[in-house]
Amino acid sequence: MSIHSSTNTPQQTDGLVDLVTVLAAVTDHKARILTVSGGDKLPSGQLTPIHHSLQAGVKDWVRTQTAQPMGYVEQLYTFVDGERKNAQGMPVLYVSYLGLVKEATAHSLNPDATWQDWYDYFPWEDRRNSSKPIEILSGLYAWVDAGNDTQERQERLRRVQLCWGLPPYSWSEEQVLLRYELLYETGLVAESPWQNPNFDFRHTGRFMQHSHRRVLATALARLRAKIKYRPVIFELMADEFTLFQLQKSVEALSGQELHKQNFRRQVQQQNLIEAIEGRFAHERGRPAQLYRFKDTVLLERLLSNTRLPVSK
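The structure displayed is predicted, hence computed values, not measured ones.

Chemist: Give a detailed account of the environment of I276, specifying residues and quantitative values.
Modeler: Along the chain, I276 turns up in strand β8 (residues 273-283). Separated by 15 residues in sequence, I276 and Y291 have C-alpha atoms that sit 5.4 Å apart.

In structure tokens:
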């Protein structure tokens, strides 16, 4: 069992606004994130007068702390961290950003920067392994049973069923933050100030300082939503790829196995990729056609208004 100290004692900092960046990549069909401080933090730093804009500040801190080149970036969300105060006693704000990049090699990064598997922090979100998170559900059911009365127990049970896709509800891959917040509230993640002393936190992933795992959960939810209606996967793929590689990359982000024929049909119907004449890759012993995204890819949709074709 690994328990990290989490108290309600405010942690003081000089500034009022922290810029926090989630840099995501897909490498060898694995969803990856760039971290610092041995994997305990995301690239971050205070907004200072030398930054003429929030985005300039983000790029400055990423460059300084990681040396990872940045590409696509968008503002994610603004959080309030009640456990951190500035010198005037005001709670610290996190302005977070999501960036999509190609993973830089380890020797080109700063020593403090390391790429980590996204699911090391959210193991329950990877449903490509069909086994259920029994230990997590056991902890949640114990929280349900500890309700003060029948009504509270029923309300808690509905929250567990809704978040975790238990009957009568179905799993929603976009509810990453809701699931993390429920685990935080019930003391089943190491960051929680109400840690359950009987729970092994290895079942709920790696610890992160401050509220960085909350930021990371929000980024994963945003990215999972966007791949359904915007061709952002383009930012994460090599210039040439096979349909198998494209599918495995989307599966890495969604955490779900997809139906092969339906996925390929959807991709082809969107008319956003084109075969590269005379170019093949060898996959599982046979040549596979190589594709590239069309020049119009950023103006159209990849999986427009559809659910991902999950394999049953």
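Chemist: An account of the pairing of strand β6 (residues 91-100) is requested, with residue identities and associated values reported.
Modeler: With eight of 10 residues buried, β6 lies mostly within the body of the structure. As judged from the eight bridges shared by strand β2 (residues 17-27) and β6, these two strands associate in the parallel manner. Paired with A24 across the strands is L100, a residue of β6.

Chemist: Break down the nonpolar core for me, with residues and values.
Modeler: Counting residues in each nonpolar core, the largest one holds 65 residues, and the members touching the most others are V22, W118, L140, W164, L216 and L223. The dominant element in this core, judged by the number of residues it contributes, is helix α5 (residues 212-226), at seven residues. Contact partners of L216, with chain neighbours within four places excluded, come to V22, I33, L42, W118, Y121, F122 and M208. By size, the runner-up hydrophobic cluster in this structure holds 15 residues, among which are V17, A25, L34 and V58.

Chemist: Any details on the environment of V250? Residues and values, ideally.
Modeler: Within the element layout of this structure, V250 appears in helix α6 (residues 243-254). V250 gets classed as buried once you look at its relative accessible area, which sits at 2%. A C-alpha to C-alpha distance of 8.4 Å links V250 and H29, two positions 221 residues apart in sequence.

Chemist: Residue-level account of the packing of helix α4 (residues 176-185) against α5, with values.
Modeler: The contact between α4 and α5 brings their axes to 7 Å, and the two run at 155°. Between α4 and α5, the interaxial angle falls into the category roughly antiparallel. Side by side, α4 and α5 meet where V176, L177, R179, Y180, E181 and Y184 of the first sit next to R213, R214, A217, T218, L220, A221 and R224 of the second.

Chemist: Now, about unusual backbone geometry: what can you tell me, with residues and values included?
Modeler: P168 follows P167 through a cis peptide bond whose omega is 10°. Tracing the chain through its elements places P168 in the loop between α3 (150-164) and α4. For D28, which is not glycine, the phi dihedral falls at a positive 55°. Looking at the element boundaries, D28 is found in the loop between β2 and β3 (30-35). By relative accessible area, D28 is classed as exposed at 66%. Positive phi is not limited to glycine here, since A67 has a value of about 70°. Among the secondary structure elements, A67 is positioned in the loop between α1 (54-65) and β5 (72-86).

Chemist: Provide a residue-level description of the pattern of salt bridges, including the pertinent values.
Modeler: One side chain can pair with another of opposite charge once the charged atoms of both are near each other. Summed over all chains, the structure comprises 17 salt bridges. In this structure, R179 and E125 form a salt bridge, with 2.6 Å as the shortest nitrogen-oxygen distance. Here E125 lies in the loop between β7 (114-117) and α2 (134-145) and R179 lies in helix α4, a separation of 54 residues in the sequence. The residues R179 and E125 share a single accessibility class, namely buried. Residue E173 pairs with K228 through a salt bridge whose shortest N-O separation is 2.5 Å.

How each quantity is defined
Residues numbered from 1 in each chain as written. Predicted model: local features only at pLDDT ≥ 70, side-chain atom pairs only at ≥ 80, totals over all residues. Heavy atoms only, no water. Helix = DSSP H or I, 4+ residues; strand = E, 2+ residues; numbered from the N terminus. Buried < 20%, exposed > 50% of the residue type's maximum accessible area, 1.4 Å probe, protein only. Pairing = 2+ DSSP bridges. Core = buried A, V, L, I, M, F, W, Y, C linked by side-chain atoms within 4.5 Å. Contact = heavy atoms within 4.5 Å. Axes fitted to C-alpha atoms, helices over the stretch in contact; angles between N-to-C directions. Parallel < 35°, antiparallel > 145°, perpendicular 65-115°, else oblique. Salt bridge = Lys/Arg side-chain N within 4 Å of Asp/Glu carboxyl O.

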